Amino acid sequence: QGGVQTASWARTMAAPVPIQGLTPEKLLRLMPEGATLAEARKVVCAAYKRNHQLEAPIRINGVRSVSARGLEGKVHLGKLEVSTHQASRTDPFEKWLFRLSDGLGIETVRIPLEKEGRFSVCVSSQAGCALGCTYCATGKLGLLRSLETWEIVEQVRTVQQDLLSRQKDTQQQRGRSRVHG
């Protein structure tokens, strides 16, 4: 029964959806007949790891042009608006405040681990909080809504892109041109 629901979801969808909320299997259902799961995986990988914008014409190595053209107008790389991005003055933590499309705000924090160059990312999965703790500004708001999958994934991607950009800048300063990761 889940397959029937997903198939009807794919057929009735009119507006482009953020690719960050799709598994390769769901993306394949949006692609033209004859497209392969391997092609869907390559499209997802290009969006996640290489920041491919998925704008027409979509060109991705290993994805046939007929398969890529079939996605045009159906998916896009969703973006969260960064309201603020600030580094702590006392420790190596960094915080992002994102503004969602409905005007709500969420926070993401990059937390350094003991091993240099390693980080954990604390992401928001909800706007607001249901606990209602009196000492917490977010708790006082109450639970406003749960985030969509793509909004959670995009928080991680934003922090990752920031780290990759810094790594690339550092390597270029050292005379290296290749970025791993």
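Please read these numbers as outputs of a predicted model, since none were measured by experiment. (Residues numbered from 1 in each chain as written. Predicted model: local features only at pLDDT ≥ 70, side-chain atom pairs only at ≥ 80, totals over all residues. Heavy atoms only, no water.)

Turning to the pattern of salt bridges, a few remarks are in order. By the definition in use, this model includes eight salt bridges. A salt bridge links Glu39 to Arg64, with the nearest nitrogen and oxygen atoms 2.9 Å apart. Of this pair, Glu39 sits in helix H3 (residues 37–50) while Arg64 sits in the loop between H3 and helix H4 (65–69); the two residues are 25 residues apart in sequence, bridging distant segments of the chain. For Glu39, a relative accessible area of 4% translates into the label buried. The exposure class of Arg64 is partly exposed, given its relative accessible area of 41%. Between Glu151 and Arg145 there is a salt bridge, and its shortest N-O distance comes to 2.9 Å. A relative accessible area of 2% places Glu151 in the buried class. Residues participating in the shared-partner salt-bridge network are Glu94, Arg110, Asp162 and Arg166. (Salt bridge = Lys/Arg side-chain N within 4 Å of Asp/Glu carboxyl O. Helix = DSSP H or I, 4+ residues; strand = E, 2+ residues; numbered from the N terminus. Buried < 20%, exposed > 50% of the residue type's maximum accessible area, 1.4 Å probe, protein only.)

Where strand E4 (residues 94–99) lies against strand E5 (residues 105–112), six bridges are found, and the strand directions are antiparallel. The residue of E5 that forms the bridge with Glu94 is Arg110. The turn joining E4 and E5, which pair antiparallel and follow one another in sequence, is formed by five residues; a positive phi near 90° is taken by Gly103. Bridging between E5 and strand E6 (residues 119–122) involves four bridges; their strand directions are antiparallel. Bridging across to E6, Pro112 finds its partner in Phe119. Hairpin connection from E5 to E6: six residues lie between these consecutive antiparallel strands, with Gly117 at a positive phi of about 85°. (Pairing = 2+ DSSP bridges.)

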